[in-house]
Structures are given as C-alpha cells and as structure tokens.
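Summary of structural features
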Amino acid sequence: MELPFSPHLLGRAYGVRIEGAQEFLVSDLQVNEGKTATPFKPSMPCEVALSANSSTRVHFDDQPATFDYCVMGNPAGAKLEVRVVTLYGEKRIDAPLKETPPGDAALQKGSLSYDVFPTRPYGPWRIEARVVKDGVALSPFNELVLYRLHRPHYWEKDAPDSPFGTHTLSTTRHILMAKSAGVNWTRLHDAGTEYIGWYYLEPQPGKWAFRDADIARYRAHGMKILGAISTAPPWASLLDSPTHGYFDKFFQPKDYDAWANYAKVVVQHYAKQIDTYEIWNEPWGNEFWIARFDPTKKEGHDGLVTSKDPSADYAHLMQVAYTAVKAAQPEIKIVGINTSTEENGSNWTRGVLKHDGLNNCDIISYHDYTNGFAGGPKDVAEQGYQAAIGPILAQAPGGKLPKPVWMSEGSSTASSIGSGFYHYTVPYLNEEDVTSTSDRLCRFVIAILAQGPEKVFLYSMHSHDYFGARDEWRTLVTEDGYLHPCAAAHSAMAWYLEDTKFKQQQTLARGVTAYIFEGKDRAVLVLSPAADHDNYFLPTSKEVETVDLFGNPLTAGTPLGSTLIYITAKSAADLQTALKLVPSDAPRK
C-alpha cells in the first residue's frame, strides 16, 4: 500500500493510523522522498512488535502482568532483549529466540512477564524490546506503554455517589479507560454535545435525530451521565448566519416554547439512561452565550456579543427548562447557575441569584481552570470556590449552602499533558515531568473536594489527535488517545477516596497539609506537601498503611517528599493516634 503525503517543514511528527476490527499484522513501514515509492528495503534484519492484549493497555492487579511479542525477520542465534522501565527504575529480562534455517524468514511469537518490581506494582510501565546477537542490535527498539492499576471499586458498574468525573466521547475504549482510572461520570459537553445538544437533535422543527446507541454505550459500561440541555439549532436561535463554526450552536434561543419542548422531549426520551442534566455551558462568557455578531470586531472571538443582561437571560433559560423538565420527569435533577472561578465569576453568580436562579436548579455548578498551587490553606481551589460560590454562601442561613455543588468542568494541567511515558515512539525530545503533572492533577481534585463540592469533572479525554499535536485542554490521555501517567495517579486517588467523604483539613507542619476523608470501612489521610515544607517523617504505626502518589507502598519513618501521600487506617481514631492529629471535635487554638 502506498500513501502519498506532503510534509510540513516544522512538523514535530507524522503518523499513519490503521484501524480494524480483527487482528492483523503490519510487517514494515518505509518513508521516502519522491513521486512514487521505491522498492522496500528493511533498515535492519529484524523488527519487534509488542502487545498488551488489552484494548485500553491496562492490566488490573488481579490479572497476569504479561505482554506479547512478535519478532519478524531472521534472528538466527539471537535473543530478545527487553527492558522494563517504571518511574522507580529499570530492569532487564531476556528471551532466547528459535534457531531458523539460513535465509529462512521467521515470525516468532511469545509472552513474557513484566512483574519485576513486586514491591511497586502500580503505575505506568514501559516495555522496550529489540533483537540482539553477540551484542549487536538486529532491530531498532520498539516500546509499549501500559498501566498496572487497582481494579476499580465500580468496574463497569454504576457509582452514582462517586465524585470522579470527566468528559469523554462514547467510544468503548475511552469509556473503559476512564473507568479504569476510577472515573464514574461523564459530562456531555464537547465530548458528547452531538449526542444531546438541541442543535444536533432537532435540526429541523419536529424532526429528531437521537443518538441512542452512543448514550447506551456509556450506560452499558457503568458510566453515569451528566447530560447537557444546551445549544440551539439555527431555526430556533439568534444566529444571524452560519459563519462562526463551532460557536454557531451557542447563539441564544429565540423560541422559548421550542426550548421548553426540547428539554421535555430529551428527558423523557432518556428517562431510563440519564437522571441529571446541566443547563447550558459557560453562559458567563461571550463565546457560549451569544446574542449577536458584530462584524466590525475582527480580533479572536470579540465579535461574539452577549445580550444587555446575560445573567437575566440565562436565569430565564434555566427557569423555562426547569419548569418543563419537572413537569415531564419530576425525579430528574437539574444542575444550574453554571458560574466560574474567573474574574467575573462572583458577579455572574450574583446576577443569576438576583433573577431567582437558585430556585430553578437542584445542584449548583461552577468551572475551575488553574495552573496555581493546590493542596494547602488558602490555595487556588479555596480562592476559586469562594469567588464562584461565595455570593451564595453570603446569603445562606448560617453560611450553609442550601443545595449541593458540583465542579462540572475544569483542570489544573492545561497545556501540560504531553507524550507521557513514551520514549522511542516520539521523534522529538519528551521533556515532560510526568510525576509532577500527575501530582498536580490529583492535588487539584482533592483540594476541590475539600471545599465541599460533591463531584469534579476533569476536561477532557477527547482532545487528542497525533503525537506532536499539542492541546491546551487535554487531560488523562496523551496525544495518541491512550492513558497518560496522570490517569494512573487518578486511579490510586479514586481507589483510596471512593466511598469516603471529606471531614477536615489540618496543618501538621509548615507546608504540610492533611486532608482527612472517612468512609464506612476506612479513614484516609492525604498528605499534601508544599515545595518548601519543613521536615516531616511518615508514620511508623502498624495501624496505618502508607502509599505514594501511584498507590505503591512506602517505608515507615522515611522523610516526606514532594508529592501526595495516602495514609489509610480502619478508623479516624487510628489515624489520630498514628499522626497525633487534633480530633475534629476538639477546640482549636
């Protein structure tokens, strides 16, 4: 097969993606300059292919830690040299290859165990393999990055009370990758707008185009759905002309009777699959709540203009949808207000409250994007929460919120997620510190949960393309769409914190913050160190278990490092004894 392409001078990488439903073998790939391909000539006598035997490249801790290999060529008298690389080190294992008659092409297959770090079984693993004879390489290195994770508490099961969410398209592989990382909810914005948005479902009045198979695929694997009652088709919106691409669908509705009908039809149609919906997306920004287009403003999206009173208009949109949904399906929960930690977040919250927004939702939502430090007193998570939700707290009796809060979209790793743990696959220097990225992501989630929100939806698992194609919004996956090491850290966090509730926060030493979570059968303390924290040593009590960011055991009494630590016990009392904590009901000095 020949595939012509035009190279770009500054392209970081090129990719050929071959998709199929069966097992198949691609024996060789050659790139050359010219109008036609030259006859194939292998660069080396052999090549190695590797497989995790898993579409997600995930192995749970109750599955064999093995991988498959296939050697092509004529490796007479050679061996397969394998390096197993983790974030903790590297070990080498070798496998002899069969003798083959001279000149006889060979295809050899086999399986090997990569379980060579038994005391540190969790996290990302990189398998590097090549064929070697008498110290001379007969093939280039090939590599396979896979993940060894705890089997999630709710693997392919519903977990409605789980706090862990993301955004992912309805592809089996990505749904299972999300569930593997302990994610139990997905929000249908961008990754799923086409499944649920009015713009797509009713392109012409009365003509519906439901995407039932996509919704069913989420539910078949135990992924709970936060639907989005949002967007408007051109016939029912203020869109002047279809010239704004992505943002065409976010012009405000002009026909509120049709908007109410859309909300009613959707919740009735998916009554057995979706029980929670959010009203619109980021109406506090001019790009997602558009009243008109100003052609005189050419810079960026400045030409997308909101109405004179956007918070009043959005409050009305909420009221119409809430009334229609509750009349049709009273049990459906509605998420609204949809505010932000950004500069105008507090003003937006006040504006929606002023127009009775709090009475037209069951759950309050906000969005939080930050690259600042999370994981300590007065951190960006606390500041952002106060900016977004503070106006509601200020008027709440006793300072207690009348309704739950969800952080329905956000990230602390914007522009940080790169090529992950790949080494030979990417034809450029991979400079990402994956441990730092993983730590920052988990700090962000934990710090938000400590403020009181019930759920955190990370954005997004669908923003991937090819190696070298950077994306500001991607999380949990690398450029190729497979898991990033931060997903392994998320898996460990979800394993320890699932079915627990945040109880209290304490400072154990300068720069050392403890977040304490309690559940029916365990208590978990998350140690969050600042960059310049005082010396602090891990507990030596036999009543607790201490693990690192990826869930691997740590030695008692060793100094606290720079990343999150999880300390678990059967009860909060055991934690208090082991770490000399102040009881939650004790008076504060």
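Refer to the structure printed above.
Read on for a plain summary of the structure.

Scoring rules and cut-offs
Residues numbered from 1 in each chain as written. Predicted model: local features only at pLDDT ≥ 70, side-chain atom pairs only at ≥ 80, totals over all residues. Heavy atoms only, no water. Helix = DSSP H or I, 4+ residues; strand = E, 2+ residues; numbered from the N terminus. Contact = heavy atoms within 4.5 Å. Buried < 20%, exposed > 50% of the residue type's maximum accessible area, 1.4 Å probe, protein only. Polar contact = N/O pair within 3.5 Å; in protein donor to acceptor, adjacent residues only side chain to side chain. Pairing = 2+ DSSP bridges. Axes fitted to C-alpha atoms, helices over the stretch in contact; angles between N-to-C directions. Phe/Tyr/Trp six-rings, centres within 6.5 Å; stacked < 30°, edge-to-face > 60°.

Time to look at unusual backbone geometry. Between Y459 and S460 the backbone carries a cis peptide bond, its omega angle lying at -5°. By the element assignment, S460 lies in the loop between β19 (455-458) and α10 (485-497). The backbone phi angle of D134 is positive, close to 55°, even though this residue is not glycine. Secondary-structure assignment places D134 in the loop between β7 (123-133) and β8 (136-137). Located in the positive-phi region is D499, a residue other than glycine, with phi close to 65°. Position of D499 among the secondary structure elements: in the loop between α10 and β20 (500-509).

We now examine the side chain of T475. Mapping T475 onto the fold places it in the loop between β19 and α10. Contact partners of T475, with chain neighbours within four places excluded, come to T413, I417, L441, L458, Y459, S460 and M461.

Turning our attention to the environment of R148. With respect to the helices and strands, the residue R148 is situated in strand β9 (residues 142-149). Of the residues examined, R148 reaches a relative accessible area of 10% and is grouped as buried. Residues contacting R148, with those up to four places away along its chain left out, are H59, F60, D61, Q63, P64, A65, Y114, P121, Y122, G123 and W125. A distance of 2.7 Å separates the side chain of R148 from the backbone oxygen of Q63, its partner in a polar contact.

With that settled, consider the sheet that holds strand β3 (residues 66-73). In spatial order, the strands read β1-β3-β6; together these three strands make up an open sheet with antiparallel pairing. The open sheet has two edge strands, β1 (46-51) and β6 (106-113), and neither has a second partner. Between one strand axis and the next, the sheet turns by 20° as a mean value, whatever way the strands run. The sheet contact formed by β3 and β6 spans eight bridges and is antiparallel. Each bridged residue has a counterpart across the sheet, and for G73 the counterpart in β6 is A106.

Two measures describe an aromatic ring pair: the distance that separates the ring centres and the angle between the ring planes. Within the structure shown, the criterion is met by 32 aromatic pairs. Aromatic pair W198 and W259: ring centres 5.9 Å apart, planes at 55°, arrangement tilted. Of this pair, W198 sits in helix α3 (residues 198-201) while W259 is found in helix α5 (residues 256-269), placing the two residues 61 residues apart along the sequence. The pair formed by W198 and W259 is uniform in burial state, with each residue classed as buried. Three or more aromatic residues joined by ring pairs form one cluster here, namely W198, W235, Y246, F247, F250, W259, Y262, W280, F288, W289, Y314 and W348.

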